[in-house]
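So the chains spell out like this:
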Amino acid sequence: MMNENQEPLVHSNNILGVLVGMLIGGLAGAVTMLLLAPQSGKDTRILLREKGIELRDRTTGMVEDVMAQVRSDGNRIAMGGRQKAKELLHQGQTLVVEQLEHVSEAALAGKKAIQSS
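Residues numbered from 1 in each chain as written. Predicted model: local features only at pLDDT ≥ 70, side-chain atom pairs only at ≥ 80, totals over all residues. Heavy atoms only, no water.

Chemist: Residue-level account of the overall build of the protein chain, with values.
Modeler: On a plain count of helices and strands, the protein chain comes out with two helices and zero strands. Split by element, the accessible area of the protein chain, about 9500 Å² in all, is 64% carbon and sulfur. (Helix = DSSP H or I, 4+ residues; strand = E, 2+ residues; numbered from the N terminus. Areas by Shrake-Rupley, 256 points an atom, 1.4 Å probe, with all protein chains shown as cover.)

Following this line, the structure appears as structure tokens:
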């Protein structure tokens with residue numbers, strides 16, 4: 001049961017690490033491009049702005065994908081929990097019925113014992 005609860009957390013941490021790595025890599029690439037750019041400052045700023053927008057859009061898409069995956073994992077875990085709760089409720093009800101039958105049998109046996117005395 002611990003594996004079910006821990007698996008989405010590890011998966012989310014891995015995806016978060018990838019996103020952070022991509023963001024850092026994108027920033028490092030932008031800085032490198034600035035330092036090595038053979039073009040004018042104006043052209044470099046335009047290119048930086050375009051690349052920044054592109055990086056933002058890709059990151060936004062990835063974050064949305066991760067959030068959808070986390071929601072899906074959460075829903076799957078919740079459904080599993082509901083199913084387990086239903087199973088436990090059914091087992092509890094069965095146990096109560098069995099115990100009531102035992103009590104009824106014991107009460108009848110006690111009643112018979114009193115009547116035969």
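Chemist: Lay out helix 2 (residues 41-116) in plain terms, naming residues and giving numbers.
Modeler: The end-to-end C-alpha distance of helix 2, which contains 76 residues, comes to 110 Å, matching closely the 112 Å that a straight helix rising 1.5 Å per residue would cover. Three or more residues of helix 2 are buried, namely T44, L55, V66 and D73. (Expected span 1.5 Å × (residues − 1). Buried < 20%, exposed > 50% of the residue type's maximum accessible area, 1.4 Å probe, protein only.)

Chemist: Tell me what's going on with the pattern of salt bridges, and back it up with residues and numbers.
Modeler: Pairing of side chains with opposite charge becomes possible as their charged atoms draw close. Here the structure, examined in full by the defined rule, presents two salt bridges. Residues E54 and K51 are paired through a salt bridge, measuring 3.9 Å at the closest nitrogen-oxygen approach. Residue E54 and its partner K51 are both found in helix 2; the two are separated by three residues, about one turn of the helix. Classification of K51 by relative accessible area gives partly exposed; the value is 41%. Residues D57 and R56 are paired through a salt bridge, measuring 3.3 Å at the closest nitrogen-oxygen approach. Owing to a relative accessible area of 43%, D57 belongs among the partly exposed residues under this scheme. (Salt bridge = Lys/Arg side-chain N within 4 Å of Asp/Glu carboxyl O.)

Chemist: Could you give an account of the confidence of the model for the protein chain, naming the residues involved and the relevant values?
Modeler: Confidence in the prediction of the protein chain, expressed as mean pLDDT, is 81, and 89% of residues score 70 or more. Confidence over residues 1-6 falls short of pLDDT 50; this stretch has two contacts with residues more than four positions distant or in other chains. (pLDDT = per-residue confidence, 0-100. Contact = heavy atoms within 4.5 Å.)

Chemist: A description of a nonpolar patch on the surface should follow, citing residues and the corresponding values.
Modeler: A contiguous nonpolar patch, built from V31, L34, L35 and L36 and spanning about 440 Å² of accessible area, is present on the exposed surface. When you line up the elements, V31 lands in helix 1 (residues 2-36). Owing to a relative accessible area of 47%, V31 belongs among the partly exposed residues under this scheme. (Patch = residues over 30% accessible without salt bridge, like charges linked within 9 Å, V, L, I, M, F, W, Y side chains within 5 Å.)

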